[in-house]
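# Working through the structure, step by step
Read off the chains here:
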Amino acid sequence: SAVISQKPSRDICQRGTSLTIQCQVDSQVTMMFWYRQQPGQSLTLIATANQGSEATYESGFVIDKFPISRPNLTFSTLTVSNMSPEDSSIYLCSVLGTPDRSSGANVLTFGAGSRLTVL
Amino acid sequence: DAKTTQPTSMDCAEGRAANLPCNHSTISGNEYVYWYRQIHSQGPQYIIHGLKNNETNEMASLIITEDRKSSTLILPHATLRDTAVYYCIVSGGGADGLTFGKGTHLIIQP
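Residues numbered from 1 in each chain as written. Chains lettered and ligands numbered in written order. Predicted model: local features only at pLDDT ≥ 70, side-chain atom pairs only at ≥ 80, totals over all residues. Heavy atoms only, no water.

## What about the sheet that holds strand β3 (residues 32–38) of chain B?
Residue and element names in this part refer to chain B. What counts here: Note: two strands are recorded as paired if DSSP finds a minimum of 2 bridges between them. A run of H or I in DSSP counts as a helix once it spans at least four residues, and a run of E counts as a strand once it spans at least two, with each numbered from the N terminus. Angles shown run from 0 to 180 degrees and are taken between the N-to-C directions of axes, each axis being a line fitted to C-alpha atoms and, for helices, limited to the stretch in contact.
Sheet architecture is open: five strands sit in the order β1-β9-β8-β3-β4, paired in mixed fashion. A strand with exactly one partner marks an edge of an open sheet, and here the two such strands are β1 (9–13) and β4 (45–50). Within the sheet, the average angular offset between the axes of one strand and its neighbour, ignoring direction, is 25°. Of the pairings in the sheet, the one linking β3 to β4 comprises five bridges and is antiparallel in character. Directly across from Val33, in β4, lies its bridge partner Gly50.

Written out as C-alpha coordinates, the structure reads:
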(Lines give C-alpha, C1' and ligand atoms only; values in the text may rest on other atoms or scores of the structure.)
Protein backbone atom coordinates (compact mmCIF):
# COMPACT_ATOMS: atom_id res chain seq x y z
CA SER A 1 0.00 0.00 0.00
CA ALA A 2 1.03 3.63 -0.50
CA VAL A 3 3.09 5.51 2.07
CA ILE A 4 1.77 8.98 2.90
CA SER A 5 3.70 11.83 4.50
CA GLN A 6 1.91 14.82 5.93
CA LYS A 7 3.42 18.14 6.96
CA PRO A 8 3.20 19.67 9.45
CA SER A 9 2.49 16.92 11.94
CA ARG A 10 1.20 19.52 14.35
CA ASP A 11 1.00 23.29 14.63
CA ILE A 12 -0.37 25.99 16.86
CA CYS A 13 -1.92 28.87 14.96
CA GLN A 14 -3.37 32.24 15.72
CA ARG A 15 -6.96 33.11 15.01
CA GLY A 16 -7.45 34.69 11.58
CA THR A 17 -4.39 33.15 9.97
CA SER A 18 -4.24 30.41 7.35
CA LEU A 19 -2.24 27.21 7.27
CA THR A 20 -1.42 24.90 4.39
CA ILE A 21 -1.07 21.18 5.00
CA GLN A 22 0.95 19.10 2.57
CA CYS A 23 0.33 15.50 1.61
CA GLN A 24 3.03 13.58 -0.26
CA VAL A 25 2.49 10.03 -1.55
CA ASP A 26 5.26 7.65 -2.57
CA SER A 27 3.36 6.46 -5.64
CA GLN A 28 1.01 7.91 -8.22
CA VAL A 29 -2.62 7.81 -7.15
CA THR A 30 -5.75 9.03 -8.84
CA MET A 31 -8.01 9.67 -5.88
CA MET A 32 -6.98 11.63 -2.81
CA PHE A 33 -9.25 12.59 0.05
CA TRP A 34 -9.04 15.08 2.89
CA TYR A 35 -10.72 14.35 6.23
CA ARG A 36 -11.18 16.31 9.43
CA GLN A 37 -11.33 14.78 12.88
CA GLN A 38 -12.49 17.15 15.57
CA PRO A 39 -11.49 16.42 19.19
CA GLY A 40 -13.12 13.23 20.43
CA GLN A 41 -15.04 12.76 17.19
CA SER A 42 -14.97 10.46 14.21
CA LEU A 43 -13.62 11.38 10.79
CA THR A 44 -15.56 13.64 8.44
CA LEU A 45 -14.80 13.80 4.72
CA ILE A 46 -13.98 17.33 3.59
CA ALA A 47 -13.35 16.85 -0.11
CA THR A 48 -12.10 14.61 -2.88
CA ALA A 49 -9.09 15.85 -4.83
CA ASN A 50 -8.44 14.56 -8.32
CA GLN A 51 -5.47 15.61 -10.39
CA GLY A 52 -6.38 17.97 -13.20
CA SER A 53 -9.79 18.96 -11.89
CA GLU A 54 -11.28 21.01 -9.09
CA ALA A 55 -11.84 19.33 -5.78
CA THR A 56 -15.31 18.08 -4.93
CA TYR A 57 -16.47 19.28 -1.52
CA GLU A 58 -18.86 17.57 0.88
CA SER A 59 -21.85 19.30 2.36
CA GLY A 60 -20.79 21.85 4.94
CA PHE A 61 -17.36 22.47 3.45
CA VAL A 62 -16.57 25.22 0.93
CA ILE A 63 -13.62 26.02 -1.27
CA ASP A 64 -13.10 29.49 0.19
CA LYS A 65 -12.51 28.01 3.63
CA PHE A 66 -10.63 24.86 2.56
CA PRO A 67 -8.91 25.47 -0.78
CA ILE A 68 -7.23 22.34 -2.15
CA SER A 69 -4.53 21.95 -4.74
CA ARG A 70 -3.65 18.77 -6.61
CA PRO A 71 -0.79 19.65 -8.97
CA ASN A 72 0.24 16.06 -9.74
CA LEU A 73 -0.51 12.43 -8.95
CA THR A 74 1.68 12.29 -5.82
CA PHE A 75 0.96 15.56 -4.03
CA SER A 76 -1.90 17.63 -2.62
CA THR A 77 -2.35 20.52 -0.23
CA LEU A 78 -5.23 21.58 1.97
CA THR A 79 -5.36 25.14 3.27
CA VAL A 80 -7.41 26.01 6.33
CA SER A 81 -8.22 29.68 5.83
CA ASN A 82 -9.04 32.42 8.32
CA MET A 83 -8.83 29.98 11.18
CA SER A 84 -10.91 30.10 14.33
CA PRO A 85 -10.69 27.90 17.45
CA GLU A 86 -13.46 25.74 15.96
CA ASP A 87 -11.00 24.67 13.26
CA SER A 88 -8.82 22.96 15.87
CA SER A 89 -8.77 19.40 14.56
CA ILE A 90 -6.68 16.66 13.08
CA TYR A 91 -6.63 16.89 9.29
CA LEU A 92 -5.92 13.65 7.46
CA CYS A 93 -4.97 12.92 3.89
CA SER A 94 -5.91 9.56 2.40
CA VAL A 95 -5.49 7.85 -0.95
CA LEU A 96 -7.40 5.18 -2.76
CA GLY A 97 -5.32 2.11 -3.56
CA THR A 98 -5.59 -0.15 -6.53
CA PRO A 99 -8.65 -2.39 -6.41
CA ASP A 100 -8.24 -5.62 -4.53
CA ARG A 101 -7.48 -8.35 -7.06
CA SER A 102 -9.98 -10.87 -5.79
CA SER A 103 -12.86 -8.69 -4.65
CA GLY A 104 -12.46 -5.51 -6.65
CA ALA A 105 -13.00 -3.39 -3.55
CA ASN A 106 -10.93 -0.28 -2.99
CA VAL A 107 -8.98 0.31 0.20
CA LEU A 108 -8.02 3.68 1.63
CA THR A 109 -4.60 4.39 3.12
CA PHE A 110 -4.28 7.29 5.56
CA GLY A 111 -1.52 9.60 6.56
CA ALA A 112 -0.71 10.14 10.23
CA GLY A 113 -2.60 13.42 10.24
CA SER A 114 -1.83 17.06 10.99
CA ARG A 115 -2.97 18.26 14.42
CA LEU A 116 -3.95 21.93 14.35
CA THR A 117 -4.62 23.99 17.45
CA VAL A 118 -6.05 27.45 16.89
CA LEU A 119 -5.75 29.94 19.73
CA ASP B 1 -23.57 4.38 1.91
CA ALA B 2 -25.55 2.18 4.25
CA LYS B 3 -25.50 3.09 7.93
CA THR B 4 -23.80 0.93 10.54
CA THR B 5 -24.42 0.47 14.26
CA GLN B 6 -21.63 -0.51 16.64
CA PRO B 7 -21.34 -0.64 20.43
CA THR B 8 -19.65 2.44 21.83
CA SER B 9 -17.05 0.52 23.78
CA MET B 10 -15.91 -3.00 24.65
CA ASP B 11 -13.37 -4.59 26.94
CA CYS B 12 -11.40 -7.74 26.24
CA ALA B 13 -8.73 -9.57 28.21
CA GLU B 14 -5.28 -9.78 26.70
CA GLY B 15 -4.74 -13.09 24.90
CA ARG B 16 -8.44 -13.71 24.38
CA ALA B 17 -10.38 -13.32 21.16
CA ALA B 18 -12.00 -9.93 20.68
CA ASN B 19 -15.31 -10.09 18.86
CA LEU B 20 -16.59 -6.76 17.57
CA PRO B 21 -20.16 -6.71 16.23
CA CYS B 22 -21.60 -4.43 13.58
CA ASN B 23 -25.15 -4.10 12.33
CA HIS B 24 -25.76 -2.94 8.76
CA SER B 25 -29.35 -3.95 8.08
CA THR B 26 -29.76 -1.58 5.09
CA ILE B 27 -26.73 -2.85 3.19
CA SER B 28 -27.14 -3.09 -0.58
CA GLY B 29 -26.14 -6.05 -2.69
CA ASN B 30 -23.08 -4.35 -4.15
CA GLU B 31 -21.78 -2.87 -0.89
CA TYR B 32 -18.72 -4.18 0.89
CA VAL B 33 -18.14 -4.31 4.63
CA TYR B 34 -14.84 -2.66 5.59
CA TRP B 35 -13.13 -2.57 8.95
CA TYR B 36 -10.56 0.04 9.93
CA ARG B 37 -9.03 0.88 13.26
CA GLN B 38 -7.48 4.01 14.67
CA ILE B 39 -4.90 3.76 17.37
CA HIS B 40 -4.54 6.89 19.47
CA SER B 41 -2.78 9.75 17.63
CA GLN B 42 -2.49 7.80 14.39
CA GLY B 43 -4.38 7.74 11.10
CA PRO B 44 -6.91 4.96 10.50
CA GLN B 45 -5.49 1.61 9.43
CA TYR B 46 -7.23 -0.81 7.09
CA ILE B 47 -7.91 -4.22 8.64
CA ILE B 48 -10.09 -6.31 6.35
CA HIS B 49 -13.09 -6.21 4.04
CA GLY B 50 -15.66 -8.62 2.63
CA LEU B 51 -18.71 -8.84 0.42
CA LYS B 52 -20.54 -12.10 1.16
CA ASN B 53 -18.03 -14.69 2.28
CA ASN B 54 -16.11 -14.81 5.50
CA GLU B 55 -12.59 -13.49 5.16
CA THR B 56 -9.36 -13.96 7.07
CA ASN B 57 -6.00 -12.26 6.87
CA GLU B 58 -2.98 -11.89 9.09
CA MET B 59 -4.72 -9.32 11.27
CA ALA B 60 -8.26 -10.57 11.73
CA SER B 61 -11.25 -12.57 10.56
CA LEU B 62 -14.48 -11.14 9.26
CA ILE B 63 -17.69 -13.11 9.68
CA ILE B 64 -20.66 -11.86 7.64
CA THR B 65 -24.12 -13.29 8.27
CA GLU B 66 -25.90 -14.99 5.40
CA ASP B 67 -28.41 -12.15 5.07
CA ARG B 68 -25.46 -9.68 5.23
CA LYS B 69 -27.27 -7.54 7.77
CA SER B 70 -24.55 -7.88 10.36
CA SER B 71 -20.93 -8.85 10.71
CA THR B 72 -18.33 -9.57 13.37
CA LEU B 73 -14.66 -8.68 13.35
CA ILE B 74 -12.57 -11.18 15.27
CA LEU B 75 -9.09 -10.45 16.61
CA PRO B 76 -8.05 -13.99 17.56
CA HIS B 77 -5.47 -13.22 20.24
CA ALA B 78 -5.83 -9.64 21.38
CA THR B 79 -2.78 -7.77 22.65
CA LEU B 80 -2.50 -4.43 24.43
CA ARG B 81 -1.52 -2.86 21.10
CA ASP B 82 -4.96 -3.72 19.75
CA THR B 83 -6.51 -1.05 21.97
CA ALA B 84 -8.05 1.33 19.43
CA VAL B 85 -11.28 2.62 17.93
CA TYR B 86 -12.62 0.12 15.39
CA TYR B 87 -14.77 1.38 12.54
CA CYS B 88 -17.19 -0.78 10.58
CA ILE B 89 -18.01 0.86 7.23
CA VAL B 90 -20.30 -0.19 4.43
CA SER B 91 -19.55 1.15 0.97
CA GLY B 92 -20.01 0.36 -2.67
CA GLY B 93 -16.29 -0.13 -3.21
CA GLY B 94 -16.09 2.50 -5.91
CA ALA B 95 -13.84 5.51 -6.07
CA ASP B 96 -15.46 7.29 -3.15
CA GLY B 97 -14.23 8.40 0.23
CA LEU B 98 -15.54 6.29 3.08
CA THR B 99 -18.06 7.56 5.63
CA PHE B 100 -16.93 6.88 9.17
CA GLY B 101 -19.34 6.37 12.06
CA LYS B 102 -18.44 6.62 15.73
CA GLY B 103 -16.87 3.17 15.92
CA THR B 104 -16.21 0.91 18.92
CA HIS B 105 -13.54 1.80 21.41
CA LEU B 106 -11.92 -1.55 22.18
CA ILE B 107 -9.86 -1.65 25.35
CA ILE B 108 -7.61 -4.64 25.89
CA GLN B 109 -7.10 -5.29 29.58
CA PRO B 110 -3.84 -6.84 30.87
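## Some details on unusual backbone geometry
Filter applied, for reference: Between buried and exposed lies partly exposed: a residue is buried under 20% and exposed over 50% of the maximum accessible area for its type, with that area taken using a 1.4 Å probe on protein chains only.
Here the bond from Lys7 of chain A into Pro8 of chain A is cis, since omega is -10°, no more than 30 degrees from zero. Assignment of secondary structure puts Pro8 of chain A in the loop between β1 (4–7) and β2 (10–13). For Asn82 of chain A, which is not glycine, the phi torsion reads 45° and is therefore positive. Position of Asn82 of chain A among the secondary structure elements: in the loop between β8 (75–80) and β9 (89–96). With phi around 65°, Arg68 of chain B is a residue other than glycine that occupies positive phi space. On the basis of relative accessibility, which here comes to 9%, the residue Arg68 of chain B falls in the buried class.

## Some points on the pattern of salt bridges
Our working definition: Between Lys or Arg on one side and Asp or Glu on the other, a salt bridge is scored when a side-chain nitrogen of the former is within 4 Å of a carboxyl oxygen of the latter.
Here the structure, examined in full by the defined rule, presents two salt bridges over all chains. For Lys65 of chain A, the salt bridge goes to Asp87 of chain A, with nearest N and O atoms at 2.6 Å. Of this pair, Lys65 of chain A sits in the loop between β6 (56–57) and β7 (68–72) while Asp87 of chain A sits in the loop between β8 and β9, placing them 22 residues apart in sequence. For Asp87 of chain A, a relative accessible area of 5% gives the class buried. Across the pair Asp82 of chain B and Arg37 of chain B runs a salt bridge whose closest N-O atoms are separated by 2.8 Å.

## As for the environment of Asn50 of chain A
Residue and element names in this part refer to chain A. For clarity, the cut-off: Two residues qualify as a contact provided that any one of their heavy atoms is within 4.5 Å of a heavy atom in the partner residue.
Looking at where Asn50 falls in the secondary structure, it is placed in strand β5 (residues 43–50). Looking at Asn50, the relative accessible area reads 22%, which means it is partly exposed. For Asn50 and Phe33, which are 17 residues apart along the polypeptide, the C-alpha to C-alpha distance reads 8.6 Å. Other than its neighbours up to four places away in sequence, Asn50 contacts Thr30, Met31 and Arg70.

## Looking at the sheet that holds strand β2 (residues 18–23) of chain B
Two orientations exist for strands paired in a sheet by backbone hydrogen bonds: parallel and antiparallel. All names here are of chain B. Overall, antiparallel pairing links the four strands, which are arranged β2-β7-β6-β5 in an open sheet. One side of each edge strand has no neighbouring strand; the edge strands of this open sheet are β2 and β5 (55–56). Strand direction decides the pairing type here: β5 and strand β6 (residues 61–64), joined by two bridges, are antiparallel. In the strand pairing of β6, Glu55 is matched with Leu62.

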